[in-house]
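# Coordinate analysis (summary)
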Amino acid sequence: QVQLVESGGGLVQPGGSLRLSCAASASIFSIYRVGWYRQAPGKQRELVAVLSSDGSTNYADSVKGRFTISRDNAKNTVYLQMNSLNPEDTAVYYCNYRRAIFLPEYWGQGTQVTVSS
């Protein structure tokens, strides 16, 4: 079992920035995939940004150029720097962890991000 604890969400004005953190109870070094998804009210959960074992990153088109995913292997922590936030970014953001493709994936409890004036 892997525990994921997200933090950093909150209320921010349009154009503002937030930095989300996801602390994992297990190593994130060279794992299959780790990253962020989000779910807005009435919508399906969607990929925001993920890091893969080959070092590549994948971003949703809607966040490219505004969000940056990064990791600190020593701290087993993944970050999501979110800039130029707009109301469409309002959602619960979830951390996702999968050590290998044949192993279960894990989700954090989610952190609310609200972009509003």
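The structure this text deals with has already been given above.
Calculation criteria
The residue numbering used here restarts from 1 in each chain and proceeds along that chain's sequence as written. Given that this is a predicted model, residues contribute local features only at a pLDDT of at least 70 and side-chain atom pairs are listed and counted only at 80 or more, while totals for whole chains, interfaces and linings are drawn from all residues. Heavy atoms from the whole structure form the basis of all side-chain values; hydrogens and water molecules are not counted. Nonpolar side chains (Val, Leu, Ile, Met, Phe, Trp, Tyr) within 5 Å and like charges within 9 Å form the patches, drawn only from residues with over 30% relative accessible area and no salt bridge. Areas reported here follow the Shrake-Rupley algorithm with a probe of radius 1.4 Å; residue values treat only the protein chains shown as occluding. Salt bridges are defined as contacts in which a side-chain nitrogen from Lys or Arg sits within 4 Å of a carboxyl oxygen from Asp or Glu. Only DSSP runs of H or I reaching four residues or more are called helices, and only runs of E reaching two or more are called strands; each is numbered from the N terminus. Pairing of aromatic rings covers Phe, Tyr and Trp, the last counted by its six-membered ring, and requires centre-to-centre distances within 6.5 Å; plane angles under 30 degrees mean stacked, over 60 mean edge-to-face, and any other angle means tilted. Partly exposed residues are those whose accessible area sits between 20% and 50% of the maximum for their type, while under 20% is buried and over 50% is exposed, using a 1.4 Å probe and protein chains only. In this scheme, the term charge over a ring applies when either NZ of a lysine or CZ of an arginine sits within 6 Å of the ring centre and within 35 degrees of the ring normal.

### A look at a nonpolar patch on the surface
Nonpolar side chains collect at one region of the surface, where Tyr32, Ile101, Phe102 and Leu103 lie side by side and expose about 410 Å² of accessible area between them. The topology assignment puts Tyr32 in the loop between β3 (18–24) and β4 (33–39).

### Quick look at the packing of aromatic side chains
Under the counting rule described, the total for this entry stands at three aromatic pairs. Considering the side-chain rings of Tyr94 and Trp107, the 6.5 Å spacing of their centres and the 90° angle between planes classify their relative orientation as edge-to-face. Placement of Tyr94 in strand β9 (residues 91–98) and of Trp107 in strand β10 (residues 105–107) is noted, with a sequence separation of 13 residues between them. Residue class for Tyr94 comes out buried when judged on its relative accessible area of 14%. Given the relative accessible area of 33%, Trp107 is considered partly exposed. Clustering of aromatic rings is evident, with ring pairs tying together Tyr37, Tyr94 and Trp107. When the ring centre of Tyr79 is taken as origin, the NZ or CZ atom of Arg19, which lies over that ring, is 3.9 Å away. Over the ring of Trp107 we find Arg45; its NZ or CZ atom is 4.5 Å from the centre of that ring.

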